[in-house]
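Okay, here's what each chain looks like letter by letter:
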Amino acid sequence: MEGRNFCQTFATDLVHNLTEKDKESMLFMHYMSALSISKQLNENDKFYLITDTKGKELIKGYPYDDILTSLDDYPYVRPHKMSAYKLYSIEVFANKTFIHFDNDVYLFKPIEEFKDTYAQSDEKGFNKFLFEYRVKNYEWEFFDELINNETGYNPGVFGFTSDSIVRDEYYKTFLKYSAININKVNGMVGIDKKQHLENMQDIYLFLEEVLLHLVCEKKGIEPCLILPDRYGMIEHPWGYHEDDKYIEGKWEEVTKIQFYDWLGKQYCHIMTQKNNTKLMEELNTYMYKLYPQDILNYLNK
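This section reports on the structure supplied with the text. (Residues numbered from 1 in each chain as written. Predicted model: local features only at pLDDT ≥ 70, side-chain atom pairs only at ≥ 80, totals over all residues. Heavy atoms only, no water.)

1. As for the packing of aromatic side chains
Tallying each qualifying case throughout the model produces 25 aromatic pairs. Where Tyr74 meets Tyr85, the ring centres are 4.9 Å apart and the plane angle is 75°; that geometry is what we call edge-to-face. Of this pair, Tyr74 sits in the loop between β3 (66-68) and α3 (89-92) while Tyr85 sits in the loop between β3 and α3; the two residues are 11 residues apart in sequence, bridging distant segments of the chain. Note on accessibility: Tyr74 and Tyr85 belong to one class, buried. (Phe/Tyr/Trp six-rings, centres within 6.5 Å; stacked < 30°, edge-to-face > 60°. Helix = DSSP H or I, 4+ residues; strand = E, 2+ residues; numbered from the N terminus. Buried < 20%, exposed > 50% of the residue type's maximum accessible area, 1.4 Å probe, protein only.)

2. Quick notes on the nonpolar core
One finds Phe142, Leu146, Tyr170 and Phe206 to be the most contacted residues of the largest nonpolar core, which totals 54 residues. Of all the secondary structure elements, the ones that give two or more residues to this core are β2 (46-51), α4 (126-133), α5 (144-148), β7 (153-160), α6 (167-186), α8 (201-219) and α9 (251-259). At 11 residues, α8 tops the list of elements feeding residues into this core. Among all residues touching Phe142, those that are not within four sequence positions of it are Val135, Ile147, Tyr177, Ile203, Phe206 and Leu207. In terms of nonpolar packing, the next biggest core, distinct from the first, is built from 42 residues, Ile67, Phe114, Cys224 and Tyr298 among them. (Core = buried A, V, L, I, M, F, W, Y, C linked by side-chain atoms within 4.5 Å. Contact = heavy atoms within 4.5 Å.)

3. With respect to the pattern of salt bridges
With the rule as written, the count across this model stands at 16 salt bridges. Between Lys23 and Glu20 there is a salt bridge, and its shortest N-O distance comes to 3.7 Å. Taken as a pair, Lys23 and Glu20 lie in helix α1 (residues 20-38) at a separation of 3 residues, close to a single helical turn. On the basis of relative accessibility, which here comes to 18%, the residue Lys23 falls in the buried class. The partner of Asp294 in a salt bridge is Lys39, and the shortest N-O contact between them spans 3.3 Å. Note that Asp294 is positioned in helix α12 (residues 292-299) and Lys39 in the loop between α1 and β2, a separation of 255 residues in sequence. Classification of Asp294 as partly exposed rests on a relative accessible area of 27%. Each of the salt bridges in this network shares a partner with another, and the network as a whole consists of Arg4, Asp45 and Glu113. (Salt bridge = Lys/Arg side-chain N within 4 Å of Asp/Glu carboxyl O.)

4. Points about the sheet that holds β3
One key point about sheets: their strands pair by backbone hydrogen bonds, in either a parallel or an antiparallel sense. One open sheet accounts for 7 strands, arranged β3-β2-β1-β4-β7-β6-β8; its pairing is mixed. In this open sheet, the two edge strands, each paired with only one partner strand, are β3 and β8 (224-225). Two strands pair when backbone bridges link them, and strand β6 (residues 117-122) and β8 are joined in this way by 2 bridges, in the parallel orientation. From the neighbouring strand, Ala119 faces β8, where its bridge partner is Leu225. (Pairing = 2+ DSSP bridges.)

5. So, the pairing of strand β1 (residues 5-10)
Judged by how many residues are buried, β1 sits mostly within the fold: 6 of 6 residues are covered. With burial as the criterion, each face of β1 is covered, one bearing Asn5, Cys7 and Thr9 and the other bearing Phe6, Gln8 and Phe10. Bridge count for β1 against β2 is 6 bridges, and the pairing is parallel. Bridging across to β2, Cys7 finds its partner in Tyr48. Considered for its hand, the β-α-β crossover made up of β1, α1 and β2 is right-handed. (Right-handed = clockwise from strand over helix to strand, strands pointing away.)

6. A short note on the environment of Ile111
Topologically, Ile111 is positioned in the loop between β5 (105-107) and β6. Given a relative accessible area of 6%, Ile111 falls into the buried group. Between the C-alpha atom of Ile111 and that of Ile226, which follows or precedes it by 115 residues, the distance is 7.7 Å. Those residues in contact with Ile111, other than ones at most four positions away along the chain, are Arg4, Phe6, Ile99, Phe101, Tyr118 and Ile226.

Fair warning: the whole summary comes from geometry, so function is off the table for now.
The following block contains the structure:
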C-alpha cells in the first residue's frame, strides 16, 4: 500500500531577528510539533520538511524522513510573513496527495483518509471580525468575493489529493494576490510602510483561510476537517453585524474552545498562545509522558 506524504515548512528569512533564547524556544516547539505528528504516521507514510539551507543546518534530530531545501530556489516574490511559504508545498508535492502541518500544531490522533481537500476547522466568520477591526483600515488589494465571503477554513492543517479540483485555482489565486500586496508594500515608504508590514499577516488570513473556503464552495467540495464542529452550538463565536453595527463575539468561550480543550480534541494549534506558560507547560508535560526517550535524545543531541 502506497504511503501518504506529510510535511511542514520552515523558512529562515527572519530568524536573524530573534534572540538566541527566542530561537531556541521556537526550535523546541517545532521539534515537539514534529514529534507529535511523526507518531501518527502509518508504516509507509513519509514525513518531510520543506526549508532552506540554513533551516537544514538548524534542524538536527527532528523526526523527518527527508529535509528538502526547496525554499533556496523559491521562484516567486519573497513574502514578508513566513506563513505564506507553506502553500509552496502544493507545488513541491505537485501531482501527489499530501497534508501540511504548521510548526505549532500538536497532534495526538491519526489523520483519516480524505477526498479532495483537508483543513483544520471552519472558523465561522473570524474573517468578518478581522475585516471590521483591522483589514478595512489598510490599503490591501483583494477582490469582492473574498471580502464578502462568510467564513474561512483554518489551514493549521491543510492538504489536497493528487486529483483535487480545488488546489490549482486556490494556489494560483493565492500567488497572484500575495504578489500584488507584497509589491504594494515594497513600494511604500515611512510610517505607511511600517504599519502595513506590521499588519500584513492579516492578508494571509484572507488568502489562506477565506480563499480556501471560497474555492471549495465554488467547486462544490466539502473538505474533511480535523475539527469538524469546533465551536459547537455557538452560532457567531467571533461576532456578527446587527443594524449596521458589529457585535463582538464570546471571547472567553472561544479562548476555552481553542486552547483549553486540546486534550479532549487530541489536537492543539498554538497560534497566538506561544507565551501562554500554562498551556505550553500542559502540552509539553503531556508530551514528556508520551515520548520521554525521544525528547531526552533530542535534548542530549
